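Structural characterization, general
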Amino acid sequence: MDLILRPWRREDVEDVLRYANNDKIARNLRDIFPHPYILTDAEGFIESCIAADEEEQLFRAIEVDGRAVGSISLCLGSDVYRMTAELGYWLAEDYWGRGIMTRAVRRICWEGYDRWEDLVRIYAQPFAHNTASRRVLEKAGFQLEGVMRESVCKRGRVYDSCMYALLMEDMDWYERERDGGETH
Ligand SMILES: CC(C)(COP(=O)(O)OP(=O)(O)OC[C@H]1O[C@@H](n2cnc3c(N)ncnc32)[C@H](O)[C@@H]1OP(=O)(O)O)[C@@H](O)C(=O)NCCC(=O)NCCS
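Keep in mind that what you see is a predicted model, and the values were worked out from it rather than measured.

To continue, consider the overall build of the protein chain. Scanning the protein chain from N- to C-terminus turns up 5 helices and 7 strands. Starting at the N terminus and walking to the C terminus, you meet the elements of the protein chain as β-α-α-α-β-β-β-α-β-α-β-β. The C-alpha atoms of the protein chain give a radius of gyration of 16 Å, which matches the 16 Å a tight globule of 184 residues would have. In terms of overall dimensions, the protein chain has a C-alpha envelope of 40 × 40 × 35 Å along the principal axes. Within the protein chain, the fraction of its 184 residues that count as buried is 30%. Considering only residue pairs separated by 6 or more positions, the protein chain has 60% of its internal contacts joining residues 24 or more positions apart.

The structure is reproduced here in structure tokens:
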């Protein structure tokens with residue numbers, strides 16, 4: 001399987017529309033990710049990714065066998081959080097369970113730490129019941145720092161979320177697997 005992280009292109013719009021229009025994805029993300037997901041959502045998403053300043057945000061398409069099948073991003077914080085970046089991602093349901101996101105997370109963390117020399121911390125905040133996402137983070141070396149009780153309101157219900165982080169100083173074991181190794 002050929003897995004590439006690359007910048008978004010306008011011609012990815014058909015793939016985004018096909019794969020992002022899935023409530024199993026939307027219900028695990030923030031409300032900014034809509035459902036149903038329509039053409040203008042896909043176009044707006046791709047335009048915002050293309051326009052992003054890579055000094056502050058990395059938006060990457062996850063390309064598998066020539067198709068853009070998912071999205072992964074790092075967004076640098078501001079003010080006192082300027083040395084911290086938030087990780088976000090989703091993958092087309094047809095591709096779940098093959099280790100793709102674990103590899104993608106490892107790669108974008110490397111890219112972030114390479115590109116932003118002041119970066120010391122990458123974090124993600126999955127909903128506590130999002131077992132697959134939590135497992136991805138754990139497999140990619142993130143540590144669970146805590147459960148933020150009743151921190152999320154999604155579709156009228158309140159849920160816990162989890163704080164996971166991967167510090168720059170935790171990256172030494174990554175060296176062995178830098179280009180997407182699959183053994184860890
Ligand atoms: C979460 C998501 C990115 C995972 O992508 P993926 O490529 O399938 O992930 P991987 O294959 O690398 O790893 C998934 C792991 O979760 C496990 N898993 C999946 N569903 C599970 C479940 N319901 N219960 C327990 N474990 C589960 C898999 O078995 C695998 O672990 P393993 O390798 O130890 O067996 C994908 O499901 C997705 O896009 N979900 C919707 C959007 C989302 O949740 N985004 C993250 C928001 S924080």
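By size, the foremost hydrophobic cluster in this structure holds 42 residues, and its most contacted members are Ile62, Tyr89, Leu91, Ala104 and Val105. Ranked by residues supplied to this core, first place goes to helix H4 (residues 100-115) with 6 residues. Setting aside residues up to four positions removed in sequence, Val105 forms contacts with Leu87, Tyr89, Val136 and Ala140.

This part covers the site of the ligand. Taken together, 21 residues surround the ligand, and among them Asn28, Met101, Thr102, Ala132 and Arg135 come closest. At the level of elements, strand S4 (84-91), H4 and helix H5 (131-139) are the ones that each hand at least two residues to the shell around the ligand. Among the elements that take part in the shell around the ligand, H5 stands out by supplying 5 residues, more than any other. Here the shell around the ligand is built from residues that sort into 12 nonpolar, 7 polar and 2 charged.

Here we come to the sheet that holds strand S2 (residues 57-64). Pairing within the open sheet is mixed, and its 7 strands lie in the order S1-S2-S3-S4-S5-S7-S6. Each edge of the sheet is formed by a strand with only one pairing partner; in this case those strands are strand S1 (3-6) and strand S6 (143-154). Strand-to-strand twist in this sheet, taken as the mean axis angle between neighbours without regard to direction, amounts to 25°.

For the rest of this paragraph, the subject is the environment of Asp118. Mapped onto the fold, Asp118 is located in the loop between H4 and strand S5 (121-124). Asp118 sits in the exposed class, given 9 other C-beta atoms within 10 Å. Along the primary structure Asp118 and Arg135 are separated by 17 residues, whereas in three dimensions their C-alpha atoms are 28 Å apart.

Let us now look at the pairing of S6. Judged by how many residues are buried, S6 sits mostly at the surface: 0 of 12 residues are covered. Judged from the 8 bridges that link them, S6 and strand S7 (residues 157-167) form a sheet pairing that is antiparallel. Pairing of Cys153 across the sheet is with Val158, part of S7. Connecting the antiparallel pair S6 and S7 is a turn made up of 2 residues, with Arg155 showing a positive phi of about 55°.

Rules used throughout
Residues numbered from 1 in each chain as written. Predicted model: local features only at pLDDT ≥ 70, side-chain atom pairs only at ≥ 80, totals over all residues. Helix = DSSP H or I, 4+ residues; strand = E, 2+ residues; numbered from the N terminus. Rg over C-alpha atoms; globule rule 2.2 N^0.38 Å. Buried ≥ 20, exposed ≤ 12 C-beta atoms within 10 Å, placed from the backbone. Contact = placed C-beta atoms within 7 Å. Core = buried A, V, L, I, M, F, W, Y, C linked by C-beta atoms within 7 Å. Near = placed C-beta within 6 Å. Nonpolar A, V, L, I, M, F, W, Y, C, P; charged D, E, K, R; others polar. Pairing = 2+ DSSP bridges. Axes fitted to C-alpha atoms, helices over the stretch in contact; angles between N-to-C directions.

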